[in-house]
Amino acid sequence: MTRTVNTIALGANAAGTLVVFLLVLVVNYDMLARSLINKPLHGTIELVQFAMVLIVFMQLPDVIRAGKLTRSDGFLLLMEQTRPRIALLLRRLEDLLSFAVMALIAIASFPLFFEMWESQDYFGIPGVFTAPWWPIKLTVLASSILCAVIFALKTLAPKNKEAP
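Positions within a chain are numbered from 1, following the residues in the order the chain's sequence is written. Note on the predicted model: pLDDT of at least 70 is required for a residue's local features to be given, and 80 or more for side-chain atom pairs to be given and counted; whole-chain, interface and lining totals, by contrast, use all residues. Calculation of side-chain values draws on the structure's entire complement of heavy atoms; hydrogens and water are dropped beforehand.

Engineer: Outline a nonpolar patch on the surface, listing residues and values.
Structural biologist: Patch membership requires over 30% relative accessible area and the absence of a salt bridge. Like charges are linked within 9 Å, and nonpolar side chains (Val, Leu, Ile, Met, Phe, Trp, Tyr) within 5 Å. In short, Shrake-Rupley with a 1.4 Å probe defines the accessible areas, and a residue's cover is counted only from the protein chains shown. Between Lys or Arg on one side and Asp or Glu on the other, a salt bridge is scored when a side-chain nitrogen of the former is within 4 Å of a carboxyl oxygen of the latter. Taken together, the side chains of Leu18, Phe21, Leu22 and Leu25 define a hydrophobic patch exposed on the protein surface, amounting to about 390 Å² of accessible area. Relative to the assigned elements, Leu25 resides in helix α1 (residues 3-37). The secondary structure listing takes helices from DSSP runs of H or I that are at least 4 residues long and strands from runs of E that are at least 2 residues long, numbered from the N terminus.

As structure tokens, this is what we get:
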């Protein structure tokens, strides 16, 4: 794995963690404002929806880079004991298929991002809270490209050196 890809994945993860922190502040403020002064924060639901997508797609590349993506690899762990070459081949195949899925997500996200950028479409309730769609679409696009690159690097990693 290249140093640049590692740095970008770690930076995206850190940014996702910051979004989690901000989300906690927003939800707690809304809860206190509702309880104490009966004045909820307008747009809390929309901010939570927005933040959830950001968090997932900002942290996904680092999860993949670190090899912590949830999966059932008990079979592969057993195969490594008796048939290490077959296990390596199956892991590479899994990474290759994952690369293809992430590349397809990136390809599908590309026109959606530009459509939202040009139209300046938004979500929310006009007059209460609105936010543009394009930051979400950009995050999905950038994250899926980075995930595809990480899976490609894992697929092509030398036999003795497993990526990350």
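So, next bit.
Engineer: Account for the nonpolar core, naming residues and giving values.
Structural biologist: Formed by Val19, Leu23, Phe50, Ala51, Leu54, Ile55, Met58, Phe123, Phe129, Ala131 and Ile136, the largest nonpolar core amounts to 11 residues. Those elements that provide at least two residues to this core are α1, α2 (44-65) and β2 (129-132). Tallying contributions element by element places α2 first for this core, with five residues. Sequence-distant contacts of Ala51, defined by excluding residues within four places in its chain, comprise Val19 and Leu23. We call a set of buried Ala, Val, Leu, Ile, Met, Phe, Trp, Tyr and Cys residues a nonpolar core when their side-chain atoms join them within 4.5 Å. Partly exposed describes any residue whose relative accessible area lies between the buried limit of under 20% and the exposed limit of over 50%, with all areas from a 1.4 Å probe on protein chains only and scaled to the type maximum. Val5, Met102, Cys147 and Phe151 belong to the second-largest nonpolar core, a separate cluster that totals 10 residues. Contacts are residue-level and defined by heavy atoms, with any inter-residue pair within 4.5 Å sufficient.

Engineer: Any chance you could break down the packing of aromatic side chains for me, citing the residues and the numbers?
Structural biologist: The rule is short: rings of Phe, Tyr and Trp, with Trp giving its six-membered ring, pair when the centres are within 6.5 Å, and they are stacked under 30 degrees, edge-to-face over 60, tilted in between. Tallying each qualifying case throughout the model produces six aromatic pairs. The interplanar angle of 20° and the centroid separation of 5.5 Å between the aromatic rings of Phe50 and Phe123 together place this pair among those described as stacked. A residue pair is termed long-range when its members are at least 10 positions apart, and Phe50 in helix α2 and Phe123 in strand β1 (residues 122-125) qualify at 73 residues. Just as Phe50 is buried, Phe123 falls in that class too. Look at NZ for Lys and CZ for Arg. If either is within 6 Å of the ring centre and within 35 degrees of the ring normal, a charge sits over the ring. In this structure, Lys137 packs its charged tip against the face of Trp133, placed 5.5 Å from the ring centre.

Engineer: Would you mind going over the pairing of β2 in detail, with residue names and values included?
Structural biologist: Only one face of β2 is buried, namely the one carrying Phe129 and Ala131, since none of Thr130 and Pro132 on the opposite face is buried. DSSP-based pairing: two strands are paired if at least 2 bridges between them are found. The pairing of β1 with β2 spans four bridges and is classified as antiparallel. The residue bridging Gly124 from the neighbouring strand is Thr130, located in β2. Once β1 ends, the chain turns through three residues before running back antiparallel as β2, passing Gly127 with a positive phi of about 90°.

Engineer: I'd like a description of unusual backbone geometry, backed by residues and values.
Structural biologist: The phi angle at Asn38 is positive, at roughly 55°, despite the residue not being glycine. Note on Asn38: relative accessible area 64%, which makes it exposed. Phi is positive for Gln120, close to 55°, though the residue is something other than glycine. By secondary structure assignment, the location of Gln120 is in the loop between α4 (84-119) and β1.

Without other data, these values stay purely geometric and don't point to any function.
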